[in-house]
Amino acid sequence: MSKQHKNFLKQRLHKAVSKTLRTPAASISAVMLTGALMSSPVMAQQVGSIKGKVTTEVAGISVSGVTVTASSNVMPKSRTVTTKADGTYTLPALLPGEYTLTFTSADGTVRETTVEVLLAQASNISIALNKAPEESTEVIYITASKIIRDGNASLTNSLGKDVIAKVPTGQNYRDLLAIIPGVQYSENSVLGPSAGGSGRDNTYGFDGVDLSLPMFGNLASEPSTHDIGSVTIDRGGAKAINFNRSGGLAINTLSKSGTNEFHGNVKYQIQPKSLYADKDDSTGIQYDTNKTWITTSVSGPIIQDELFFYASYFRPEVDRPNIENGRGPVKDYNSTRDEYYGKLTWAPTDELLLNVSYRTSDREDKGDSVGAYDADSTSVGAIVGQDIFTLDGSYLISDETVLTFQYNTFEYESAGSPDNLLPEISPRIGDSLDLNNLDGLGLFNVPKFDSDNLAYDSAAALPLIQQYGYIDADGVLVAGGSVGVGSTINNQDFSRTSFQVQLDHEMELGNSSHKLHFGVQWKENEEVLSRLSNGWGSISFIGGETPDDYEGTVPVYYQATVQQMSLESASGDVVPAITSSSESLNIEINDEITHGDFTYNLGVMFSNDILYGQGLKKNSSNLSGYEIADGHKYKMYELDFLDMIQPRLGITWNYSEGNTVFANFSSYNPEATSLARAASWARNSQQTMKVFFDEAGNYISDQAAAGSSGKFFEDDLEARRTDEITIGLTKALSNELLLRTHVRQRKAFHAWEDTWNGSRTYDYDGPFGGVPENIAAKGLYIEDLDLWRDEVGGSSYVIAELDGSENTYYEWSIEGEYVGDNSYLNVSYVWSHYYGNYDQDITSGASDGNLFIGSSNLADGIGRQLWDGKYGTLNGDKPHVLKALGYYTTDWDADIGFNFVFQSGDVWEAWDGSLYGYSSSTIRYAEKAGSRREASHWQLDLSYAQRFQLTDELVLNFNADIYNIFDKQTGYNYDPYVSNTTFGEARNLINPRRVQLSVSLDF
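Conventions used here
- Residues numbered from 1 in each chain as written.
- Predicted model: local features only at pLDDT ≥ 70, side-chain atom pairs only at ≥ 80, totals over all residues.
- Heavy atoms only, no water.
- Phe/Tyr/Trp six-rings, centres within 6.5 Å; stacked < 30°, edge-to-face > 60°.
- Helix = DSSP H or I, 4+ residues; strand = E, 2+ residues; numbered from the N terminus.
- Buried < 20%, exposed > 50% of the residue type's maximum accessible area, 1.4 Å probe, protein only.
- pLDDT = per-residue confidence, 0-100.
- Contact = heavy atoms within 4.5 Å.
- Core = buried A, V, L, I, M, F, W, Y, C linked by side-chain atoms within 4.5 Å.
- Pairing = 2+ DSSP bridges.

Further remarks concern the packing of aromatic side chains. Aromatic ring pairs: the centre-centre distance and the angle between the two ring planes describe each pair. What the rule picks out here adds up to 40 aromatic pairs. Aromatic side chains Trp536 and Phe693 sit 5.6 Å apart centroid to centroid with 85° between the ring planes, which places their arrangement in the edge-to-face category. Here Trp536, found in the loop between β27 (512-533) and β28 (538-541), pairs with Phe693, found in strand β35 (residues 688-693); they are 157 residues apart in sequence, far enough to count as distant. Accessibility classification places Trp536 together with Phe693 in one group, the buried group. A centroid spacing of 6.1 Å and a plane angle of 20° characterise the contact between Tyr824 and Tyr887, whose relative ring orientation is stacked. Of this pair, Tyr824 sits in strand β43 (residues 823-836) while Tyr887 sits in strand β45 (residues 880-889); the two residues are 63 residues apart in sequence, bridging distant segments of the chain.

Structure (structure tokens):
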């Protein structure tokens, strides 16, 4: 549509509204402020809705039977309902987008307005009818409020396509979190941000599909943002709707859909190393990575007004030159991903709407790692594939009843793989090593000179050093390093299948209205793990020394470290991959009751979780209840419905138009856990084997390296739980400006961890006093564990509830949102305090990774128990978080956007194992948790987008995004190890200033 045509229509709209409001006999009151400000989460994850009320103060005008029709280019067919006796109406199951809302009175008068429907929100549009105009068929346009936000007890934010497109964001799903109000800014690549709980308890949805990595709770972040049309996030105050069990934040997005018009887009983005600021770290090295992105999409109708399609392609590529090492040039790093997406939207009838979509992505990384003294051939990379399928639909049984469903699958297959593979090498116990081809058998660690060690055969080592060592720039023979190929192939394949069905029904009982919701969800999570060796894995020259735990008499000259799954038996069999799984069944019942100015929410969710391991089967005649059964799937532990009852209670008082006071209580049982694998008996079969050889390379013997094994569970464990209380209010200052404030408390209980069965019986006096007497009095977690182990083996560690585990989070938040004709602004401030004794996010020296939930270093031995200084301020405590984002559309067809954040630094404490008599200091605190704080950080991101209308149908766009414009490279992730020379120094810096440039063509 031409600019002149748009201006003409705007003038006509203005005239119609002005004439209407000036005519006493036909005045229309746009009583829309309250409704547009007050929205509530709706019944289905992938849709929104419109609700409201038609009122009048004129006798003879009926508010019942008014026809209300919602039409949009994103909906193949319009949705129509009629108002009830009291004038209320609901238009459910609408795809997010811009809608024209048409009210047709019994006298034929037509009133129209436009409204934006957001994901998982109900836009409330109410009008007041007065006497009809003389020309009853005249279309009267109503100016609606521009703000559509929650005014009830849920802490929900929804952002539409304009905000996502015009505010500076990155290309990956994870980048969306930077623009969510009230959520901390984070540059972690794995662990999610903290928003009132552990980052590992967040949940992430894409088209309603849970992208949280099974077993670990982190985000599998391959999906890109270019397909996302809207996003919604729940930070708290959940109802018993949409199966929210998150102990942190829950985010969901909706992809774009086709329309009745054909559209296409081709976009090229680049972030060259020349537009990256220098690093502030000690290296002073110039940033040397080039990034490019290619994006294309096409959409349109297959059947007019019935069947739409949307398809896209996305290709990010990263190139980085690797620095030449001591052995010479090494291959450069390259990462390339190809992502395809397709979606169909079908409305075979006015009552039925279906969506089906499929996304597939494949990424290959090469040259990711080459050691400083290693041959180029030893480089490793990764292969990652991701597939997401979803089928969802809604059926309007009647104006009062709607049925929704969704079936989806998620598959994430990852392989850390050497760039060079040896498929022809199949190691077997008893085989000999070909000493003439050590660099062709796996990763050979070149020996070093050790003339001072009399037990070491230096004469035998010299020819190996001469053959596999290297000559440096000074012409000196250098020992050490490695040659051959990367040693290990790590395959982790994750999958999730989910099906849910929900029924919503509205009804009137006396003077109250009820919105009844019923939902059932079934979900299965699975991980298939195999660790294989490339050839013989890692081969080392021992030189006649005695390896640890070696009991033979023949001198060992070579040792191969091989994954057990790679070793063939004499018959050619190998150990199968470890399959770990869990099932969840969730049932939710919710009733939203409106009586006068009050809305009451009464809901409850019941959950049932079952963890399945591998390697045992039931045997009632054994004391343990099990017997060994390699490869057999067994029920490891179950939490039934009575163990996980999660009430959701709320009240909202709409004391005047657009103004509310609300309170809410919600209880959550987080689903994320690693125990299906961490405690599985199959871990006994996934061992690392040490294979020993003599001077001639002949096999001597083998033994398993120390490792983890299966674990039993303490009886009658309480499910992990988070309880939350929220009190707040909303205030409408105009139809463009909304304020909201709240206070919130969250408390988490009943943490599970693997710990030594006798942990409560430790007798030591550490810097924090050792085991408290009341805990020591409880004794063993499992009294008969030794007898059980005599039957089936397993670990001396058990899965237990850590005594007295408890975390508390307090929050005060204030948020303002302004929506203008050509501008948007959201400003939020959060004060918070997070403290307790169970820090799920810092359980290793490098916690930004996929770490086990419930089977970490925490509670592993003396110094790592909850009573060892763990009570204090916890990771994720950033008392002050100020965020502001927005955009402005200029008169010259340009968009200027910004995103600003200021936040306090995180907390840390000193770690010192020597205080407990250990050399390892990992999470052995030398002072109370959170005794120190990192530096605060602020940054500003800017974007500028310029449009050029080449023809009526062709638009050329130029974009520039500048991230961290003032180059605030704040340090974080401080080194807590007292024994390190870098103690107290930041191990990471916020990314430097960088510029992304893009050009695109829209048609």
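Next comes the rest of the description.
Bringing the confidence of the model for the chain into the picture now. Residues at a pLDDT of 70 or more form 91% of the chain, whose mean pLDDT is 87. Between residues 1-44, whose pLDDT stays under 50, and residues either more than four places distant or in other chains, the model counts 111 contacts.

In terms of nonpolar packing, the biggest core is built from 61 residues, with Tyr173, Leu211, Ile251, Phe712, Phe713 and Trp752 touching the most fellow members. Among the elements that take part in this core, strand β32 (residues 626-639) stands out by supplying 5 residues, more than any other. Excluding its chain neighbours within four sequence positions, the residues that come into contact with Ile251 are Tyr173, Leu177, Thr203, Tyr204, Gly205, Val231, Thr232 and Ile233. In this structure, Tyr89, Leu95, Phe103 and Ala347 belong to the second largest nonpolar core, which totals 24 residues.

This part takes up the sheet that holds strand β14 (residues 250-255). Backbone-to-backbone hydrogen bonds pair the strands of a sheet. The strands run either parallel or antiparallel. As summarised here, the arrangement of the 5 strands in space is β10-β13-β14-β11-β12, forming an open sheet in which the pairing is mixed. Each edge of the open sheet carries a strand with a single partner, namely β10 (155-159) and β12 (209-210).

To continue, consider the pairing of strand β4 (residues 88-94). Among the 7 residues that make up β4, 7 are buried, leaving the element largely enclosed by the rest of the structure. Here strand β1 (residues 48-56) runs beside β4; their pairing, made up of 5 bridges, is antiparallel. Looking across to β4, one finds that Lys53 is bridged to Thr88.

Our focus in this paragraph is the pairing of strand β49 (residues 937-949). Taken together, the 10 bridges between strand β46 (residues 894-903) and β49 define a ladder with antiparallel strand orientation. Within the sheet, the bridge partner assigned to Asn899 lies in β49 and is Asp941. Pairing of β49 with strand β50 (residues 955-963) involves 8 bridges; the strand directions are antiparallel. Along β50, the bridge assignment pairs Ser943 with Asp961. In this antiparallel pair of consecutive strands, β49 and β50, the connection spans 5 residues.

A separate point is unusual backbone geometry. Glycine aside, the phi torsion of most residues is negative, and most peptide linkages are trans. Positive phi, normally seen in glycine, also occurs at Phe243, with a value near 55°. Mapped onto the secondary structure, Phe243 falls in the loop between β13 (228-236) and β14. Positive phi values are uncommon outside glycine, yet Asp967 reaches one of about 55°.

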